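# Fold and contact review
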Amino acid sequence: MDVREAGTARLVGLASTAPRGIAVPEAPGGASRARSWAAGLAAPRTALPILGAVALVPRLMLATGMVFPPLGDAAYYIAVARTLAAGGGLTAGVVWTYQPPPATVVGPSNEYWGPLTSVVEALSLRVFGERLFAALLPGIVAGTLLVLVTYLAGRGVFRSWLLGRGEAAAAAARYADWLAFAAALLLAVDAELVYQSAMGDSGMIYGLLACGAVLLWERATRPAERLVAAERPAWWAPVGGWRGATAAAWGAGVLLGGAYLTRASALFLASALGGWWLWRAWGARRSWARAATSGVDTRSRRGLRELIGAAGALVAGALVVVVPWLVRQQVTFGHMVSREGTLSALAFSLEEISNYGAAPSLGGYLQHGLGALLALRAAALWDELRHVADYAFYPTVLPALAGLVALARREARARLGLASALVLGLGFAVVFPVVSLNGGFYHSVASVAPFLAWGYLAGIYIVAVWATRHLPLRVGLSPALFAIPLLLQLAVLALTFPVVGARAAHDRHVFGAVSDWLRAHRARVVMADQSSTLYYASGIPTIQLPGAQDPAVVYACAERYGAGYLVVTGPYGQYPAVLDAHPNAHFVLVVRGGDYRVYAIQA
């Protein structure tokens with residue numbers, strides 16, 4: 001039998017055992033080479049380079065048009081990275097928080113922001129040179145790797161799920177590759193994730209670390225009797241004595257610690273992992289009790305002891321990464337966790353987070369009333385669903401959620417992924433609604449995007465099987481169902497490129513003009529509504545405008561830090577409206593540009 005005949009035989013065997021409703025290429029006698037190639041498209045040897053290229057190319061293309069950081073968060077990370085790459089250490093000339101107010105404008109950085117993003121961006125700047133594109137490369141690489149992780153982990157998830165549904169082993173193994181390939185392909189061209197990869201922010205790096213922590217932790221806490229030989233890497237076997245569980249737990253802890261050094265959202269991730277452990281421990285405890293009653297020393301009887309060991313390894317791995325940073329924060333700032341981060345839970349608006357002198361308080365928060373507080377959380381939930389998750393899985397994330405629920409009924413990795421998504425979304429909306437409304441959930445959604453992509457494909461599979469069984473269809477429905485979100489994402493991605501490029505060019509022009517004016521007038525310290533972005537553009541020490549407070553408080557803040565000018569680039573809290581309605585002697589308008597205003601701050 002030659003190569004073509006062998007390939008044809010494999011295809012015929014696959015088609016005869018494939019799940020109903022699945023479009024597996026059929027090859028009745030004399031199949032063409034094209035069909036033979038298509039049959040192996042989703043296999044790792046072929047799928048990995050294809051997915052890597054499809055994910056990498058649009059991210060690189062978008063980054064080339066990103067001539068200016070699109071957000072203040074990214075501007076802060078890159079500004080610190082530039083200083084770090086130049087040998088200046090973790091320092092910055094921008095004050096974003098006044099809780100507590102720092103002694104000087106130029107000083108230690110990252111009291112509020114995690115350091116890991118700036119560190120990896122600094123390494124990229126040292127290797128590839130002092131340019132914005134170099135700072136964007138770590139996010140591009142992380143976004144591409146997240147796509148590959150979605151495929152690699154998804155193969156095992158879908159295989160286990162299909163077998164659990166009673167499908168034949170051969171068909172389940174082959175079609176699992178297609179489902180995983182399609183899920184990864186959806187993320188590869190996802191406009192929201194492509195944009196996040198190329199913006200210089202922390203979201204994509206956090207997403208990769210957090211997703212990896214979830215997958216390894218599920219592996220570490222899996223009951224020993226449910227492990228299959230294909231999922232026991234040989235080099236893990238001697239470690240920990242429990243199918244590599246200790247090594248997996250250590251890895252999950254290290255990734256969790258790295259995620260915390262990237263975004264504070266890791267606290268929600270830690271809660272999800274902890275809750276998963278408690279659920280596993282409860283099941284192991286019940287098995288132990290049954291084993292003790294029967295007097296038989298079984299694997300399940302050893303489960304609780306092994307879970308305790310895995311928890312210890314997780315905590316130890318996380319502490320190895322996090323403790324040095326916490327010590328630095330304590331020595332540098334006098335506290336391990338930013339007070340600004342905890343007080344943001346008591347803010348009713350973004351501007352209140354930047355208050356000077358008067359921090360958001362529980363009393364002030366409760367004065368808004370129960371109705372307003374509940375409405376704020378409802379708005380946060382709606383924003384997370386409609387303006388973040390729906391955009392990631394355009395036109396709506398609902399099929400992904402439904403499919404993930406169905407997948408989670410039979411597959412533990414999907415179950416933990418669903419739990420992580422729910423804890424992340426509900427945690428932000430309930431505890432930090434203002435932060436969520438202003439990007440907290442948006443910058444963290446990549447951590448759960450792979451699980452939602454699996455859910456999308458699981459939903460397509462379920463609908464395709466149902467339709468084949470109940471409708472007079474002669475062809476598989478799954479390709480058409482998958483083509484809908486894929487084509488929509490490609491269309492949104494195509495529209496994203498000119499919009500992002502135009503916005504970046506506009507911001508570079510605006511902040512470039514402001515920076516030139518400030519340098520010409522020898523500004524030494526500036527106050528601005530977008531402090532991090534102006535500091536990135538100008539290099540002039542900049543403090544944040546307390547937009548929720550009246551001009552008297554703003555002047556006191558400016559006087560304390562020696563700010564000579566106030567720059568307003570758009571509506572921010574009371575500004576500039578309050579200065580237009582009530583001219584103030586301390587703030588004299590000296591420049592009125594098309595998109596910005598500069599006020600001289602006078603005694």
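Residues numbered from 1 in each chain as written. Predicted model: local features only at pLDDT ≥ 70, side-chain atom pairs only at ≥ 80, totals over all residues. Heavy atoms only, no water.

### Regarding the side chain of serine 354
Note the following rule: For helices the rule is a DSSP run of H or I covering at least 4 residues; for strands it is a run of E covering at least 2, with both sets numbered from the N terminus onward. The buried label goes to any residue with under 20% of its type's maximum accessible area, the exposed label to any with over 50%, and the partly exposed label to all in between, with areas taken from a 1.4 Å probe on protein chains only.
Structurally, the position occupied by serine 354 is in the loop between α13 (339-343) and α14 (362-366). For serine 354, a relative accessible area of 2% corresponds to the buried category.

### Observations concerning a positive patch on the surface
Here is the rule: Surface patches are drawn from residues lacking salt bridges whose relative accessible area is over 30%; two like charges belong together within 9 Å, two nonpolar side chains (Val, Leu, Ile, Met, Phe, Trp, Tyr) within 5 Å. Accessible surface area values rest on a Shrake-Rupley calculation with a 1.4 Å probe, where residue burial reflects the displayed protein chains alone. The term salt bridge refers to a pairing of a side-chain nitrogen on Lys or Arg with a carboxyl oxygen on Asp or Glu at a separation within 4 Å. Only four residue types enter the charge count, namely Lys and Arg as positive and Asp and Glu as negative; His and the chain termini do not. To locate a charge, take NZ of a lysine, CZ of an arginine, CG of an aspartate or CD of a glutamate.
Positive charge collects at one region of the surface, where Arg165, Arg409, Arg410 and Arg469 lie side by side. Following the sequence through the fold, arginine 409 ends up in the loop between α16 (398-408) and α17 (412-431). Overall, the relative accessible area of 70% leaves arginine 409 in the exposed class.

### Some remarks on the packing of helix α7 (residues 169-188) against helix α20 (residues 478-520)
Test applied: Note on method: axes are straight lines fitted to C-alpha atoms, helices fitted across the in-contact stretch only, with angles between N-to-C directions ranging 0 to 180 degrees. Under this scheme an angle from 65 to 115 degrees is roughly perpendicular, one under 35 degrees roughly parallel, and one over 145 degrees roughly antiparallel; angles in between are oblique. Take the far helix as the reference: if the near one is turned anticlockwise from it by less than a right angle, the crossing is left-handed, and if turned clockwise, right-handed. Note on contacts: a residue pair is in contact if any heavy atoms of the two residues lie within 4.5 Å. Residues were grouped as follows: Ala, Val, Leu, Ile, Met, Phe, Trp, Tyr, Cys and Pro as nonpolar; Asp, Glu, Lys and Arg as charged; and all remaining residues, including Gly, as polar.
It is at 10 Å that the axes of α7 and α20 come closest, and there the two elements cross at 15°. Here α7 is positioned roughly parallel relative to α20, judged by the angle of their axes. Relative to α20, α7 is oriented so that their crossing is right-handed. Across the interface between the two elements, Tyr175, Ala182, Leu185 and Leu186 from α7 touch Ser478, Phe482, Pro485 and Leu486 from α20. Partitioned by chemical class, the residues of the contact of α7 with α20 number 7 nonpolar, 1 polar and no charged.

### A closer look at the pattern of salt bridges
For the coordinates displayed, the defined rule picks out 7 salt bridges. A salt bridge links glutamate 218 to arginine 222, with the shortest nitrogen-to-oxygen separation between them at 2.6 Å. Look at glutamate 218 and you get buried, because its relative accessible area is 2%. Residues aspartate 390 and arginine 386 are paired through a salt bridge, measuring 3.5 Å at the closest nitrogen-oxygen approach. In this pair, aspartate 390 and arginine 386 are both assigned in helix α15 (residues 370-392), 4 residues apart and thus about one turn of the helix distant.

### Here's the deal with the packing of aromatic side chains
What counts is decided by this rule: Each Phe, Tyr or Trp ring (for Trp, its six-membered ring) is paired with any other whose centre lies within 6.5 Å, and the angle between the two planes then decides the class: stacked below 30 degrees, edge-to-face above 60, tilted in between.
If you walk through the whole model with that rule in mind, you get 19 aromatic pairs. When the centroid spacing of 5.5 Å and the interplanar angle of 80° are considered together, the rings of phenylalanine 68 and tyrosine 536 count as edge-to-face. With a gap of 468 residues between them, phenylalanine 68 in the loop between α3 (44-64) and α4 (72-85) and tyrosine 536 in helix α21 (residues 531-538) connect regions that are remote in the sequence. One exposure class covers both phenylalanine 68 and tyrosine 536, and it is buried. Their ring planes at 85° and their centres at 5.5 Å tell us that tyrosine 98 and tyrosine 356 sit as a pair that is edge-to-face. With tyrosine 98 in the loop between β2 (94-95) and β3 (107-108) and tyrosine 356 in the loop between α13 and α14, this residue pair connects regions lying 258 residues apart in the sequence. An identical accessibility class is assigned to tyrosine 98 and tyrosine 356; each is buried. Joined through ring pairs, the aromatic side chains of Tyr76, Tyr77, Trp96, Tyr112 and Trp113 make up one cluster.

### Here's the deal with the environment of phenylalanine 432
Here phenylalanine 432 lies in the loop between α17 and α18 (433-437). Among residues more than four places away in sequence, those in contact with phenylalanine 432 are Phe268, Gly341, Ser344, Ala345 and Gly427.

### Examining the pairing of strand β6 (residues 565-568)
This is how it is decided: Between any two strands, pairing holds if DSSP finds at least two bridges.
Of the two faces of β6, the one lined by Tyr565 and Val567 and the one lined by Leu566 and Val568 are each fully buried. Pairing between strand β4 (residues 526-528) and β6: 3 bridges, direction parallel. When the bridges of β6 are listed, alanine 528 appears paired with valine 567. Of the pairings in the sheet, the one linking β6 to strand β8 (residues 597-601) comprises 4 bridges and is antiparallel in character. Considered in β8, the bridge of tyrosine 565 is made with alanine 600.

### Some points on the packing of α4 against helix α5 (residues 116-128)
Relative to each other, α4 and α5 sit at 55°, their axes nearing to 8 Å. As far as their axial angle goes, α5 and α4 are oblique. For the crossing formed where α4 meets α5, the hand is right-handed. For the pair α4 and α5, the contacting residues are Tyr77, Ile78, Val80, Ala81, Arg82, Leu84 and Ala85 in the first and Thr117, Ser118, Val119, Glu121, Ala122, Leu125 and Arg126 in the second. Considered class by class, the residues forming the contact of α4 with α5 number 9 nonpolar, 2 polar and 3 charged.

### Re the confidence of the model for the protein chain
The condition that has to hold: Scored from 0 to 100, pLDDT records how confident the predictor is in each individual residue.
Of the residues in the protein chain, 87% have a pLDDT of 70 or more, and the chain-wide mean is 87. Here residues 1-36 is modelled with pLDDT under 50, and outside its nearest four sequence neighbours on either side it reaches 42 contacts, counting other chains as well. Between residues 225-243, whose pLDDT stays under 50, and residues either more than four places distant or in other chains, the model counts 31 contacts.

### A short note on the nonpolar core
For soluble globular proteins, the rule of thumb is that nonpolar side chains tend to be buried together. This is how it is decided: Among the buried residues, those of types Ala, Val, Leu, Ile, Met, Phe, Trp, Tyr and Cys that are joined through side-chain atoms within 4.5 Å form a nonpolar core.
Phe158, Trp217 and Leu518 are the most contacted members of the largest nonpolar core, which has 150 residues in total. Look past the residues within four positions of tryptophan 217 in its chain and what remains in contact with it is Ala249, Ala252, Leu273, Trp276, Trp277, Ala310, Ala311, Leu314 and Leu416. Judged by nonpolar contacts, the second largest core, of 23 residues, contains Met527, Val568, Tyr572 and Phe587.

### Observations regarding unusual backbone geometry
Omega for the peptide link from tyrosine 394 to proline 395 comes to 5°, which places this bond in the cis form. Among the secondary structure elements, proline 395 is positioned in the loop between α15 and α16. Omega for the bond connecting tyrosine 575 with proline 576 falls within 30 degrees of zero, at 0°, which places this linkage in the cis form. Topologically, proline 576 is positioned in the loop between β6 and α23 (577-581).

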